[in-house]
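Survey of secondary and tertiary structure
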Amino acid sequence: MDMVRFFHMAQGLEGLGETSYAQNSRLQVVTKEVIESVMDMTLSPAMEACADVETVSIADLGCSSGRNTLSVVENVIRTVCERRREATRQLPEFMVFLNDLPSNDFNALFSLVPEFVQKLKAEHDDGGGILVSVAGAPGSFYGRLFPSRSLHFVTSFTSLHWLSQVPAGLLNKGEPINKGNVYMSPASPPSVVTRYFEQFQEDFSMFLRSRSQELVVGGRMVLSMLGRRSHDIHKKINEFPLYEALSKSLSIFVSQKMIAEEKVDSFNFPLYTPSTQELEDQVYIEGSFTIDSMKQYYHDWMFENAPNVLSKTFRAATESLICHHFGEEIIEPLFETHTRVLYERLMAEEDIGWCQITVVLCKSATRWSIYKKK
Ligand SMILES: C[S@@+](CC[C@H](N)C(=O)[O-])C[C@H]1O[C@@H](n2cnc3c(N)ncnc32)[C@H](O)[C@@H]1O
């Protein structure tokens, strides 16, 4: 598989020029480390989940619509086929479900499918070839999407840190309580942080409950998302400089009277970055999965052109929400300021990295729970 493409896919860096990556050796080191880590964690569980299956069902949740979207599935299919061939066993057929919100550009995504299928078919076309059938599954992954016990392998990359909604309760008597912040930041009041945590608990347990019904026993899920290094949510640590830089950029615009303060005070991202402990707790509380492995990876972006690349990446992920709340005209100047704020941070030798957590879950035969739900 094309490693740079895999990294783009895993990190949600689609839409950026490849040369900007290739030019930076530090970036290449980071890229290689991340790829190896995510690939290792994806392919072995996929092999285990699909070992004896005639028709392998795979779902990619929050797949988006870019060219890189199909890369992980392609790699899984290729590896399953190679393993079967080595064992001189018949190749399975594949059913691939691509999920995202209904607003996703499924037309763009489906236009890539014929080439994807052809490529895999050509690689394995030794008498009969392989069958790869692809279907869209529009809808929120915070709920049921597929029939009971119909999936063998589920992946979700850089999507699950998005909550189903901005947590309720961020207003007090109609007044915003997370003033000047755009998510649960070190400057947020403790009640805001608690609301975010409760929304994460509700959403992630709904996600697990839904998938537990859809996966066969022994089926695997590889979930990779932005996370937190610190377990204590109330510890005042700035773990997400990209979001902090956005809050700062917005406050600059308020001081320059380019946007109204109330507009900023009422804006919050539906985003939660869990710690490994929080993920583990939710998995145990829900009780349908065991944890095969979990890894926390810190992306250190302390190198020269990082602010530029990071700001573009961040823009790709957040632009539509910002546009919706503040209007389109603010976008260009806002992200210029965002890049500048990140550069200032870098110059001051402040951290501009982030943490990513990947967890591999296996569907148990029985449901168990060691915790009582509070
Ligand atoms: C950063 S992109 C990641 C895309 C792709 N998995 C990758 O790694 O390149 C996040 C995707 O998650 C999708 N998403 C967010 N919340 C979702 C939900 N509740 N259900 C399904 N998809 C969701 C978004 O629409 C977006 O396409």
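The structure we're discussing is the one just above.
Residues numbered from 1 in each chain as written. Predicted model: local features only at pLDDT ≥ 70, side-chain atom pairs only at ≥ 80, totals over all residues. Heavy atoms only, no water.

Here the focus is the packing of helix α4 (residues 71-86) against helix α6 (residues 113-123). Direction vectors running N to C along α4 and α6 enclose 15 degrees, while the axes themselves pass 11 Å from each other. On the basis of the axis angle, α4 is roughly parallel to α6. Along this stretch, α4 crosses α6, giving a crossing that reads as right-handed. Of the residues in α6, those touching α4 at V73, E74, I77, R78 and R85 are F116, K119, L120 and E123. A breakdown of the residues in the contact of α4 with α6 according to their chemical character gives four nonpolar, no polar and five charged. (Axes fitted to C-alpha atoms, helices over the stretch in contact; angles between N-to-C directions. Helix = DSSP H or I, 4+ residues; strand = E, 2+ residues; numbered from the N terminus. Parallel < 35°, antiparallel > 145°, perpendicular 65-115°, else oblique. Left-handed = near helix turned anticlockwise from the far one by under 90°. Contact = heavy atoms within 4.5 Å. Nonpolar A, V, L, I, M, F, W, Y, C, P; charged D, E, K, R; others polar.)

Okay, helix α8 (residues 241-255) next. With 15 residues, α8 should cover 21 Å at 1.5 Å per step; its first-to-last C-alpha distance of 21 Å lies within 8% of that length. Regarding α8, the residues found buried are P241, L242, Y243, E244, A245, L246, S247, S249, L250 and F253. Each element contacted by the buried residues of α8 is listed here: α9 (261-265), α11 (306-326) and α12 (331-347). Immediately beyond the C-terminal end of α8, within one or two residues, lies K257, with a positive phi of roughly 60 degrees. (Expected span 1.5 Å × (residues − 1). Buried < 20%, exposed > 50% of the residue type's maximum accessible area, 1.4 Å probe, protein only.)

Before going further, it helps to examine the packing of α11 against α12. Running from amino to carboxyl end, α11 crosses α12 at an angle of 140 degrees, the nearest separation of the two axes being 10 Å. Taken together, the axes of α11 and α12 lie oblique to each other. Once α11 is placed against α12, the crossing between them reads as right-handed. Along the contact surface, α11 presents P307, N308, L310, S311, F314, R315, T318, E319, I322 and C323, while α12 presents I331, E332, L334, F335, H338, T339, L342, Y343 and L346. Across the contact of α11 with α12, the residue classes tally to eleven nonpolar, five polar and three charged.

As for its position among the elements, R345 is in helix α12. Judged by relative accessible area, which is 15%, R345 ranks as buried. Beyond its immediate chain neighbours, meaning those up to four positions away, R345 contacts N238, P241, E350, D351 and I352.

With that settled, the discussion passes to the environment of G353. Here G353 shows up in the loop between α12 and β9 (354-363). Taking the relative accessible area as the measure of exposure, G353 reaches 2% and is therefore buried. Sequence spacing of G353 and P241 is 112 residues, and the spatial spacing of their C-alpha atoms is 7.4 Å. In contact with G353, other than residues within four places in its own chain, are E239, P241, Y298, H299 and W301.

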